[in-house]
Amino acid sequence: MKLIDKFKNGLYSFERDIQHDETNNYKSENRLQYWKKFLGVNEREIENILSNGLGINTANLNELLSENDNFSCKVTETNVLWNQLIHDLQVLSIESIILPEFYIIGDIGQKELPMFYGFHEPFLKLAILRFENYWKNIPGISDNVFNKLLIYLYDQLAEISYRTLILELNIAREENKLAGETSEERYNYFSTQYLSDNYWLILEEYPVMFRLMCEATQKWINNTTRFIDRILSDKDDLEKTFKIEGELNSIELNTSDVHNGGQTVIILHFEEGTSVV
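Predicted model, so just to flag it, every value in this text is computed and none were measured.

**Some details on the nonpolar core**
Reasoning step 1: Judged by nonpolar contacts, the single largest core of 63 residues is most densely connected at Phe 119, Leu 124, Phe 210, Trp 220, Phe 227, Ile 251 and Leu 268.
Reasoning step 2: Elements that contribute at least two residues to this core include exactly helix 5 (77-91), helix 6 (117-130), helix 7 (143-174), helix 8 (183-197), helix 9 (199-205), helix 10 (207-233), strand 5 (248-252) and strand 6 (267-270).
Reasoning step 3: Take this core: its biggest share by element is 12 residues, from helix 7.
Reasoning step 4: When residues no more than four places from it in sequence are discounted, the contact partners of Leu 268 are Phe 227, Ile 231, Leu 248, Ser 250, Ile 251, Thr 274, Ser 275 and Val 276.

Here's what the structure looks like:
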């Protein structure tokens with residue numbers, strides 16, 4: 001999978017085919033002893049943890065702890081999926097996909113784009129493209145519901161990436177790579193031009209961040225599809241049990257901890273005023 005090669009430091013330990021290297025044994029052995037002491041486990045216990053939890057052994061862990069870059073990518077279900085997402089982000093035409101209006105309210109009540117919005121936009125458009133069979137025009141579900149679902153994904157992507165992007169903003173500022181006379185103008189240049197010009201370079205520089213953003217997008221696709229399927233399949237039971245009339249016109253997310261592959265509790269608000277958890 002050649003696409004992953006540029007991002008292979010984002011691979012999980014069980015996805016790495018590690019080549020043993022004797023040169024860094026001292027560094028890795030010291031780190032291994034530290035983790036044994038920290039966790040309060042002996043040799044046999046840590047072998048069980050590695051084998052049962054991660055599918056690796058102590059030799060593999062030593063290679064990881066030695067910061068050895070001498071590994072290749074195993075073919076697993078998880079990284080095949082990641083490879084496909086990388087391909088889709090690079091190849092698929094998503095410019096024509098229209099997103100709902102994303103904005104925050106500024107100091108004087110004006111609408112402004114959220115911080116680093118352009119960096120997250122391709123992931124949002126890819127999510128819609130993957131979800132196109134469901135996207136809007138479903139009887140009984142308002143556009144507002146889909147917009148809130150997409151905002152939920154945006155919030156997850158921003159949470160993963162904003163610290164890294166602030167770091168990159170400061171680096172670009174220190175290196176005088178930003179155009180503009182004021183801090184606002186320099187920020188706008190960074191958000192619109194600099195991030196666009198250096199998009200894939202930044203993703204390559206931070207492969208773990210990139211992997212997490214891809215995973216958040218895929219989980220959103222899976223869980224949103226599941227949510228819509230359940231609404232449609234349970235529609236008659238909901239109407240009969242809760243005397244619901246009218247369409248589902250709003251939802252609340254983030255009402256519980258995320259669990260089971262990114263799922264969360266969703267509160268449904270229907271047109272006539274009924275709410276269902």
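Alright, that's what it looks like, and here's the rest.
**Side note on the packing of aromatic side chains**
Reasoning step 1: Tallied over the full model, the rule gives 14 aromatic pairs.
Reasoning step 2: With a centroid separation of 6.3 Å and an interplanar angle of 55 degrees, the aromatic rings of Phe 7 and Trp 82 are classed as tilted. Here the residue Phe 7 occupies a position in the loop between helix 1 (2-5) and strand 1 (16-18), and Trp 82 occupies one in helix 5, the gap between them amounting to 75 residues.
Reasoning step 3: Measuring from centroid to centroid gives 5.8 Å for Tyr 12 and Phe 14, while their planes differ by 5 degrees, and the two rings are stacked.
Reasoning step 4: Three or more aromatic residues joined by ring pairs make a cluster, and in this case those are Phe 7, Trp 82, Phe 119, Phe 123, Tyr 199, Trp 200 and Phe 210.
Reasoning step 5: Its end group placed over the ring of Phe 71, Lys 8 keeps NZ or CZ at 4.6 Å from the ring centre.

**Examining the packing of helix 5 against helix 6**
Reasoning step 1: Viewed as axis vectors pointing N to C, helix 5 and helix 6 meet at an angle of 105 degrees, and their least axial separation amounts to 10 Å. The pairing of helix 5 with helix 6 is recorded here as roughly perpendicular in orientation. Facing helix 5, whose interface residues are Gln 84, Leu 85, Asp 88 and Leu 89, helix 6 presents Pro 122, Phe 123, Leu 126 and Arg 130.
Reasoning step 2: For the contact of helix 5 with helix 6, a count of residues per class yields 5 nonpolar, 1 polar and 2 charged.

**What to know about a nonpolar patch on the surface**
Reasoning step 1: On the surface, Tyr 12, Phe 14, Val 208 and Leu 212 cluster together to form a nonpolar patch covering roughly 330 Å² of accessible area.
Reasoning step 2: Relative to the helices and strands, Phe 14 is located in the loop between helix 1 and strand 1.

**Focus on unusual backbone geometry**
Reasoning step 1: The backbone of Phe 116 shows a phi angle near 60 degrees, a positive value even though the residue is not glycine.
Reasoning step 2: Within the secondary structure layout, Phe 116 lies in the loop between strand 4 (111-112) and helix 6.
Reasoning step 3: Under the relative-accessibility criterion, Phe 116 is labelled buried at 1%.
Reasoning step 4: One non-glycine residue with positive phi stands out, namely Asn 176, at about 55 degrees.
Reasoning step 5: Its relative accessible area of 70% is what places Asn 176 among the exposed residues.

Here is what the cut-offs are and how they apply
- Along each chain, the written sequence defines residue order, and numbers are assigned to residues from 1.
- Confidence filtering applies because this is a predicted model: local features only for residues at pLDDT of at least 70, side-chain atom pairs given and counted only at 80 or more, and all residues used for totals across whole chains, interfaces and linings.
- Note: side-chain values were computed over all heavy atoms of the structure, leaving out hydrogens and water.
- What is meant by a nonpolar core is a set of buried Ala, Val, Leu, Ile, Met, Phe, Trp, Tyr and Cys residues, joined one to another through side-chain atoms within 4.5 Å.
- Each residue's exposure class comes from its accessible area (1.4 Å probe, protein chains only) as a fraction of the maximum for that residue type: buried when under 20%, exposed when over 50%, partly exposed otherwise.
- Under the scheme used here, helices are H or I runs from DSSP no shorter than 4 residues and strands are E runs no shorter than 2 residues, and both carry numbers assigned from the N terminus.
- The criterion used for residue contact is that any of the two residues' heavy atoms lie within 4.5 Å.
- Here a pair means two rings of Phe, Tyr or Trp (six-membered ring of Trp) with centres within 6.5 Å. Their orientation is stacked below 30 degrees between planes, edge-to-face above 60, and tilted elsewhere.
- Definition used: whenever NZ (Lys) or CZ (Arg) falls within 6 Å of the ring centre and also within 35 degrees of the ring normal, the charge is taken to sit over that ring.
- Orientation is described by lines fitted to C-alpha atoms, with helices fitted over the stretch in contact, and by angles between N-to-C directions that extend from 0 to 180 degrees.
- Orientation is classified from the angle alone, with under 35 degrees giving roughly parallel, over 145 giving roughly antiparallel, 65 to 115 giving roughly perpendicular, and any other angle giving oblique.
- Classification convention: Asp, Glu, Lys, Arg as charged; Ala, Val, Leu, Ile, Met, Phe, Trp, Tyr, Cys, Pro as nonpolar; all other residues, Gly among them, as polar.
- Residues enter a patch when their relative accessible area is above 30% and they make no salt bridge; the linking distance is 9 Å between like charges and 5 Å between nonpolar side chains (Val, Leu, Ile, Met, Phe, Trp, Tyr).
- Using a 1.4 Å probe, the Shrake-Rupley method yields the accessible areas, and only the shown protein chains count as cover for residues.
- We define a salt bridge as a side-chain nitrogen of Lys or Arg found within 4 Å of a carboxyl oxygen belonging to Asp or Glu.

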